[in-house]
Structure formats: C-alpha cells, structure tokens
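Per-entry structural report
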Amino acid sequence: MATYVLIPGADGRAWYWHRVVPMLRERGHDVIAVDLPSDNTAGLAEHVDAVIGAIGDKASAPGLVLVAQSLAGFIAPLVCERTPVEQLILVNPMIPAPGETAGEWWDNTGRADAARAFAAEEGRDPNAGFDLVVDFFHDVPQDVTDEAMSAEASGPSEALFTEPWPLQTWPDVPTRLLQARDDRFFPLAFQWRVAAERLEGVPVEDLPGGHLVALSHPVELADLICRTEASP
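A few points on the structure.

About the cut-offs
Residues numbered from 1 in each chain as written. Predicted model: local features only at pLDDT ≥ 70, side-chain atom pairs only at ≥ 80, totals over all residues. Heavy atoms only, no water. Pairing = 2+ DSSP bridges. Helix = DSSP H or I, 4+ residues; strand = E, 2+ residues; numbered from the N terminus. Axes fitted to C-alpha atoms, helices over the stretch in contact; angles between N-to-C directions. Contact = heavy atoms within 4.5 Å. Disulfide = S-S within 2.5 Å. Buried < 20%, exposed > 50% of the residue type's maximum accessible area, 1.4 Å probe, protein only. Phe/Tyr/Trp six-rings, centres within 6.5 Å; stacked < 30°, edge-to-face > 60°. Parallel < 35°, antiparallel > 145°, perpendicular 65-115°, else oblique. Right-handed = clockwise from strand over helix to strand, strands pointing away. Expected span 1.5 Å × (residues − 1). Arc of directions from axis to C-beta.

**Quick word on the sheet that holds strand S6 (residues 204-207)**
Sheet strands pair via backbone hydrogen bonds, and the direction of the pair is either parallel or antiparallel. Strand order in the open sheet formed by 6 strands is S2-S1-S3-S4-S5-S6, with parallel pairing between adjacent strands. Single-partner strands in this sheet number two, and they are strand S2 (30-33) and S6. The sheet shows a mean angle of 20 degrees between the axes of neighbouring strands, direction not considered. In the packing of helix H2 (residues 44-55) onto the sheet, contacts are made with strand S1 (3-7), S2 and strand S3 (64-69), and the angle to S1 comes to roughly 150 degrees. Packing of helix H8 (residues 188-198) onto the sheet brings it into contact with strand S5 (175-180) and S6, and relative to S6 it is tilted by some 165 degrees.

**Side note on the state of the cysteines**
If you walk through the whole model with that rule in mind, you get 0 disulfides. No disulfide involves Cys 80; its sulfur sits 18 Å from that of Cys 226, the nearest cysteine. Under the relative-accessibility criterion, Cys 80 is labelled buried at 12%.

**Some remarks on the pairing of strand S4 (residues 87-91)**
Counting buried positions along S4 yields 5 of 5 residues, so the element is predominantly enclosed. Across the two faces of S4 the burial is the same, with Gln 87, Ile 89 and Val 91 and Leu 88 and Leu 90 all buried. Two strands pair when backbone bridges link them, and S3 and S4 are joined in this way by 5 bridges, in the parallel orientation. Paired with Val 65 across the two strands is Gln 87, which belongs to S4. Bridge count for S4 against S5 is 4 bridges, and the pairing is parallel. Opposite Leu 90, over in S5, you have Leu 177 as the bridge partner.

**Description of the packing of aromatic side chains**
Within the structure shown, the criterion is met by 12 aromatic pairs. Between Tyr 16 and Trp 17, the aromatic rings sit 5.0 Å apart at their centres with planes inclined by 75 degrees, giving edge-to-face as the arrangement. Here Tyr 16 and Trp 17 have matching classes, each one buried. Pairing Trp 105 with Trp 106 gives two aromatic rings, centres 5.0 Å apart and planes at 90 degrees, and the pair type is edge-to-face. For Trp 106, a relative accessible area of 24% translates into the label partly exposed. An aromatic cluster of three or more residues is present, and its members are Trp 105, Trp 106, Phe 130, Phe 136, Phe 185, Phe 186 and Phe 190.

**Points about unusual backbone geometry**
For residues besides glycine, phi is generally negative; the peptide bonds are generally trans as well. Even without being glycine, Ser 70 reaches a positive phi, approximately 50 degrees. In this fold, Ser 70 is placed in the loop between S3 and helix H3 (76-80).

**Quick look at the packing of helix H4 (residues 102-109) against H8**
The N-to-C vectors of H4 and H8 enclose an angle of 110 degrees; their axes lie 12 Å apart at closest approach. One finds that H4 runs roughly perpendicular with respect to H8. Side by side, H4 and H8 meet where Trp 105, Asn 108 and Thr 109 of the first sit next to Phe 190, Arg 193, Val 194 and Arg 198 of the second.

**Focus: the side chain of Thr 3**
Its place among the elements puts Thr 3 in strand S1. Classification of Thr 3 as buried rests on a relative accessible area of 3%. Not counting the four nearest positions on each side in its chain, Thr 3 is found in contact with Asp 30, Ile 32, Lys 58, Gly 63, Leu 64 and Val 65.

**Side note on the pairing of S1**
Counted residue by residue, S1 has 5 buried out of 5 residues, so it is predominantly covered. Side chains Thr 3, Val 5 and Ile 7 of S1 all project onto a buried face; the interleaved residues Tyr 4 and Leu 6 project onto the opposite face, where all are buried too. Read from S1 through helix H1 (residues 21-26) to S2, the crossover connection turns out right-handed. Pairing of S1 with S3, which is carried by 5 bridges, proceeds in the parallel orientation. Along S3, the bridge assignment pairs Tyr 4 with Val 65.

**Structural notes on H2**
The terminal C-alpha atoms of H2 lie 17 Å apart, and with 12 residues this matches the ideal 16 Å at 1.5 Å per residue to within 8%. The complete set of buried residues in H2 reads Leu 44, His 47, Val 48, Val 51 and Ile 55. Looking straight down H2, one finds that the buried residues subtend no more than 100 degrees of arc, so they occupy a single side. Elements in contact with the buried residues of H2: S1, S2, S3 and H3. Phi turns positive one or two residues past the end of H2, at Gly 56, with a value near 55 degrees.

Below you can see the structure in the form of structure tokens.
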C-alpha cells in the first residue's frame, strides 16, 4: 500500500482533497493532505518545509507518492530532493522550467492564448476574462462550491511567484501527468504541448473534469491515482 501525500494548488488548503481522501483510504492507503503556508512572504523553501513537516515520520516508509495539483507542480519536485519518493503524480499541473518563476510561467507557456482558443471551441466568449465560477467551478457540485466559497482562503503567497525554480533538471523520480479533459484554465491540448516540451517521455493521462478535478470527479481521480502504471 502507498502513502499518498496530497499537495493543493493555489488555494493552499488540504480541504481541496477532502472528497478524494476517503476514497484512497478505502483502498487501504495512508493519506496525508497538506495545508500550505498562508504567510504572504512564504517562498518555495517554506512550502517545501510545510510538505516535509506534514509527511513527518512517514518519510522513511516505502511507497511514498506525491500528488501535486496545479501550482504545486513547482513545489513537489523540490520535495523529491529532500525525501525519498517512489512516484510523483502531477494533476492539472504548472510544469516549471529551470530558472523560471511561477509568475513568468504564464507568458512563457502561452497559457492565456490556449485558454482563449479553448473557450472559442466550446462556444464561450474567448475575451471574457477570468471568472472563478466559470473557469474553476463550472463542473463542481453546488454544495461543494458553496462550501468552498464560504471559507476564507488566503490564496497563494506573492513570494511563491517571484522565486526562480532552482532545479536544473527534473528529479529522477517516476513521474505521471494526469490532466482533466474539460479544464478551462489549462486546456488538454495545451498540457500535451507543455509536457512534450518540458517532461519529454511523460505521457498525459486524461480523465473527466475541470481544473478542480478533485472536487468535481473524485472517483475518477482516485481510480487514476491508484493505478500503478501510466494508463495507455
């Protein structure tokens, strides 16, 4: 059995994973959902420290698997430099390049153009601008959306977007990339391209859902996480 360490994206709350956690535990796995720092000055090191602290004495256990949502794609590879990890699973991720900041990533990858093109394909206004409900919660059940909106979220630290990603190469850890087909923020075709450029040889495994796939399609996500190998 594995120990899954679930790292949230920009929201930073372990709550993001609350629909997936019981499904992984039902399968007999240990699960650690991480709360990331709410301090606006917390940079990459502080975020990595938070993950390491959450892992605690499980660091020496076999079968440690990191699961990183979105912005956590900048954090999880750095955790791999600090503790033995059997597998790294990226979910709708930001995939960093050496020396790139999370703030630079958006223009460097062409995400905005890709999102506009996807909006046009779906018949949405490509110039409408970001809308939290339309772009993130469009496929999340209303009760879950209401719970998310009722909680105060600090959002990501500004410092996290200004620090260059320090690794020169991707860590030598088996890596999988899970991408939701209806993600309006990071469209599937966009992720295929970025993965080909930055994670050569890592296939994109797609599943139903939008950017907040752990909230909208937890069953499908848990099933895919638990696969021991990349799906064909």
